[in-house]
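# Examination of the molecular architecture
Listed here are the chains, written in short residue letters.
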Amino acid sequence: MPQTLFEKIWNRHVIVKRGENEALLHVDRNFVHEGSFHAFKALALDGRKVRKPRQTFATADHYVPTRNREQGLAAVTDPEMLHMLDLFEKNAKANGIENYFGLEHPQQGIVHVVGPELGITQPGLIITCGDSHTSTHGAFGAYAVGIGASQLKQILATQCLWQKKPKTLRVTVDGTAPAGVTAKDIVLAIIAKIGTAGGTGHAIEFAGEAIRALTMEGRLTVCNMAIEAGARSGMIAPDEKTYAYLAGREFTPRGLMWDKALLFWQSLPTDAGARFDREVTLDAATLAPMITWGTSPEEAISINAAVPDPAMASDADRRSHMEQALRYMDLAPGTPVDGLKIHRAFIGTCTNGRIEDLRAAAAVLKGRKSVVPAWVSPGSSTIKRQAEAEGLDKIFIAAGFDWRASGCSSCAAMNGDSVPAGERCASTSNRNFEGRQGKGARTHLMSPAMVAAAAVTGKLTDVRKLMQGA
Amino acid sequence: MQPFTRVTAVAAPLELANIDTDKIIPARFLRRLREPGYEKLAFHDIRYDADGKDRPDFVLNQAPYRNAKILVAGANFGCGSSREAAVYVMWDYGIRSVIAPSFGDIHYGNELQNGMLPVVLPDATCQKLRQQLREKPGAQITVDLETQTVTGPDGATHRFEIDPSHKERLLKGLDDIGLVMQNIKEIEAFEKKHHAELPWLA
């Protein structure tokens, strides 16, 4: 019987079944970060240790400072944050986790950026992490799921996970995306269409011409936000681009092992005729650069549209959410979003902190100046060095951006990089929830090029107006 | 884990849909250790004003609802981040069950892992329950896992669905880790075979 990519991975990892739909699954790769401390504590209270330290990978990202990093831990002034970083190192050491990319490691970075760039993330694997954006890794054709602290503790102790089998949803994006329309715009359009709970209980496979046309960086952006559609995971079938990206990375197989791995990877894509529980289609040719106006990622519209009217909402729950979002964001229905004044601009995160994202923003910023406070935090220390080798740092600095070190930074502002209350931030991150970037902060999500355009004009702007030749 | 069988308690209506886990506990508090006083962080930014005073418009600040052990919420409760601290703060506040038309996937699992019962009931039923709770502040609801029923303030009973294995684990207070360890032989055999087939992953 023809199988989907998801089914092939799921079936291969089942150790035992329980009833029709539940299985004990083998986990190939598990990532931890500073926020994993509850799980490590529970593990220690049980008198247990990490069962498979070689399959456990640790990166410091959520609490790392993005300024004064040359000072190491001394750059952390908040005692609670310092404790998080200190505890992380102690837990990694106590459990024999040698793949430890701590604050001062040259390959430190955001967990969902480091995994792919070091080749830890590979097709056909089951990957877990105590972070909802674990769906990112699915861009390589892996089943990657975010988990809570209790499940993380179980994985640390056993390298296995009990899970209910999700349903499958294929989102096919056909057509060619117009110039200025990026992976971020495509995924925001998908979420706007299916809703923030549209993928709940499902493993999404993104397919179609516009998805295949994306680079690995773009595919990571799309899968990263599968969780914002409520999905358990997002995935894209591996292809030549995937294999070319993986070749020669630190943790990818070599020589004969590579040949063996490649054969396995090539067997993974969804078979012709395989059935999905649901199908959704979009035409990329109809898309424009997207921004969010509200406080849920589904509240996303084209930059050429106006803030919608809650009176037009399809149901009472949505209407009340929209009304509250308008109050929080200080917006009125019918206001065109192009031209809306912003106060800050932020580029980075596991969604859009990769080299291609920095290049796209720099292309807009070159020869221009930001009129608002703005900063960049590259997705990893490796990307930071690469950007510096390409001279991108000079473009950002000349444009008035603060060129910072790598970490989660203002995505959730856990490290203190927060946006002041009442200020509007043009951001490349993934969530525009109330208070996400700081108490009272107002977040507008968009692509890196759109953030750059907003920074230099001081308002939400259609980046296509600033693109060369436009 | 504490077993969940049946809870009869004051229930509070939470009107908003999409109550994300950042709303249940803002990110800046996630570095706090789970110590006495942790419950004060629950729903922090919608519960207190800028000066740290109780916001009278937040339902759990209103006298009849203060001791609520059950919440009746809008759709997609607990969407967003995987933070299990969202369950810890609610548990420490005293919440034992959340009733909603739908839940964020990871949060739903996190509640189950901590002995809290997430109950899915149709949107219309949740709206009706919230209306009754607003009309009779301090009214009680019964959530019975054994019979899979919710009894509203008006005495009407609503049946809910839950996966049989989730139900069993909650009723017995079983923790997954014990269940996994029962299968250690199968796990070791699986790993041997898996890594023989895909040796670069060993």
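Sequence positions are assigned chain by chain, starting from 1 and proceeding in written order. Both sets of labels track the order of writing: A upward for chains, 1 upward for ligands. Local features in this predicted model are restricted to residues of pLDDT 70 or higher, and side-chain atom pairs are both shown and tallied only at a pLDDT of 80 or more, whereas totals for entire chains, interfaces and linings draw on every residue.

### Overview of the overall build of chain A
- Regarding its fold elements, chain A presents 16 helices and 19 strands.
- Its C-alpha atoms give chain A principal-axis dimensions of roughly 55 × 55 × 45 Å.
- We call two residues in contact when the distance between their C-beta atoms, placed using the backbone, is within 7 Å. Sequence-distant contacts, at least 24 apart, represent 76% of the contacts inside chain A between residues at least 6 apart. Segments assigned H or I by DSSP are reported as helices when at least four residues long, segments assigned E as strands when at least two residues long, and all are numbered from the N terminus.

### Details of the overall build of chain B
- Assigned secondary structure in chain B consists of eight helices and seven strands.
- With the principal axes as the frame, chain B shows a C-alpha extent of 65 × 40 × 30 Å.

### Thoughts on the domain arrangement of chain A
Residues and elements named next belong to chain A.
- For the domain bounds, the source is a domain assignment made automatically or taken from a database. As assigned here, chain A comprises domain 1 (5-164) and domain 2 (300-465).
- Summarising the inter-unit geometry, the C-alpha centres of domain 1 and domain 2 are found 27 Å apart.
- Taken together, the contact pairs 21 residues of domain 1 with 21 residues of domain 2.
- For this scheme, ten residues count as nonpolar: Ala, Val, Leu, Ile, Met, Phe, Trp, Tyr, Cys and Pro. Four count as charged, namely Asp, Glu, Lys and Arg, and the remainder, Gly too, count as polar. Among the residues making up the side of domain 1 that touches domain 2, the classes are represented as eight nonpolar, eight polar and five charged.

### Concerning the environment of B:Ile106
- Relative to the helices and strands, B:Ile106 resides in helix H4 (residues 105-113).
- The exposure scheme places C-beta atoms from the backbone and then counts, for each residue, the other C-beta atoms within 10 Å of its own, assigning buried at 20 or more, exposed at 12 or fewer, and partly exposed in between. Judged by local crowding, B:Ile106 falls into the buried class, with 28 C-beta atoms found within 10 Å.
- Linking B:Ile106 and B:Cys79, residues 27 residues apart in sequence, is a C-alpha distance of 7.9 Å.
- Apart from the residues within four sequence positions on either side, B:Ile106 is in contact with A:Ser132, A:Gly146, A:Ile147, A:Gly148 and B:Ser82.

### Considerations on the sheet that holds strand S8 (residues 160-164) of chain A
- If you walk across this open sheet you meet the three strands as S1-S2-S8 (chain A), and the pairing is antiparallel. Each of the sheet's edge strands pairs with one partner strand only, and the pair in question is strand S1 (14-18) and S8 of chain A. Looking at each pair of strands side by side, their axes are set apart by 25° on average, direction ignored.
- Pairing between two strands is assigned when DSSP locates at least 2 bridges connecting them. Bridge count between strand S2 (residues 22-26) of chain A and S8(A): five bridges; the pairing is antiparallel. Across the sheet, the residue bridging to A:Ala23 is A:Gln163, located in S8(A).
- Each of S1, S2 and S8 of chain A is contacted by helix H8 (residues 184-197) of chain B, which is oriented at about 140° to S1(A), the strand it contacts most. Orientation is described by lines fitted to C-alpha atoms, with helices fitted over the stretch in contact, and by angles between N-to-C directions that extend from 0 to 180 degrees.

### Quick notes on the packing of helix H2 (residues 37-45) of chain A against helix H5 (residues 149-158) of chain A
All names here are of chain A.
- Following both chains from N to C, one finds H2 and H5 inclined at 55°, their axes separated by 8 Å at the closest point. In terms of their interaxial angle, H2 and H5 are classed as oblique. Between H2 and H5 lies a crossing of right-handed hand. Between H2 and H5, the contacting residues are His38, Ala39, Ala42 and Leu43 on the first element and Ala149, Leu152, Lys153, Leu156 and Ala157 on the second.
- Grouping the amino acids of the contact of H2 with H5 by side-chain chemistry returns seven nonpolar, one polar and one charged. Under this scheme an angle from 65 to 115 degrees is roughly perpendicular, one under 35 degrees roughly parallel, and one over 145 degrees roughly antiparallel; angles in between are oblique. Crossing handedness is defined as follows: a turn of the near helix away from the far one that is anticlockwise and smaller than a right angle gives a left-handed crossing, while the clockwise case is right-handed.

### Describing the pairing of strand S3 (residues 97-100) of chain B
Residues and elements named next belong to chain B.
- Taking every second residue as pointing to the same face, both faces of S3 are buried, with Ser97 and Ile99 on one and Val98 and Ala100 on the other.
- Where strand S2 (residues 70-72) lies against S3, three bridges are found, and the strand directions are parallel. For Ile70, the partnering residue across the bridge sits in S3 and is Ser97.
- Look down the strands so they point away from you; if the path from the first strand over the helix to the second goes clockwise, the crossover is right-handed. Taken together, S2, helix H3 (residues 85-93) and S3 form a β-α-β motif whose crossover is right-handed.

### Some remarks on the nonpolar core
- Throughout this description, the term nonpolar core refers to a group of buried Ala, Val, Leu, Ile, Met, Phe, Trp, Tyr and Cys residues whose C-beta atoms join them within 7 Å. Counting residues in hydrophobic clusters, the biggest one holds 205 residues, and the most contacted among them are A:Ile186, A:Val451, B:Leu71 and B:Ile99.
- Discounting residues that sit within four places of it in the chain, A:Val451 has contacts with A:Ala345, A:Phe346, A:Ile347, A:Ala361, A:Ala426, A:Ser427, A:Thr428 and A:Met446.

### Considering the sheet that holds strand S12 (residues 278-283) of chain A
All names here are of chain A.
- Taken in spatial order, the four strands of this open sheet run S11-S10-S9-S12, and their pairing is parallel. Each of the sheet's edge strands pairs with one partner strand only, and the pair in question is strand S11 (233-235) and S12. The average undirected angle you get between the axes of adjacent strands in this sheet is 20°.
- Sheet analysis places strand S10 (residues 202-207) next to S11, joined by three bridges and oriented parallel. Its bridge partner being in S11, Glu205 is matched across the sheet by Met235.
- On the sheet, helix H1 (residues 5-13) packs against strand S9 (167-174), S10 and S11 and is oriented at approximately 135° with respect to S10.
- Lying on the sheet, helix H6 (residues 183-194) is in contact with S9 and S12; it crosses S12 at an angle near 130°.

### Considering the interface of chain B and chain A
- On the side of chain A, 54 residues touch chain B, which itself brings 47 residues to the contact.
- Of all elements in the fold, only helix H1 (21-24), H4, helix H6 (164-172), helix H7 (176-181) and H8 of chain B reach the threshold of two or more residues within the side of chain B that touches chain A.
- A per-class count over the side of chain B that touches chain A returns 18 nonpolar, 15 polar and 14 charged.

### Some remarks on unusual backbone geometry
- With a phi close to 65°, A:Gln159 is a non-glycine residue in the positive phi region.
- Mapped onto the secondary structure, A:Gln159 falls in the loop between H5 and S8.
- Among the residues examined, A:Gln159 registers 22 C-beta atoms within 10 Å and is labelled buried.
- The backbone phi angle of B:Asn18 is positive, close to 55°, even though this residue is not glycine.
- With respect to the helices and strands, B:Asn18 occurs in the loop between strand S1 (6-13) and H1.

### Points about the domain arrangement of chain B
- When the domains of chain B are assigned, the result is domain 1 (6-162) and domain 2 (174-202).
- Here the C-alpha centroids of domain 1 of chain B and domain 2 of chain B sit 36 Å apart.

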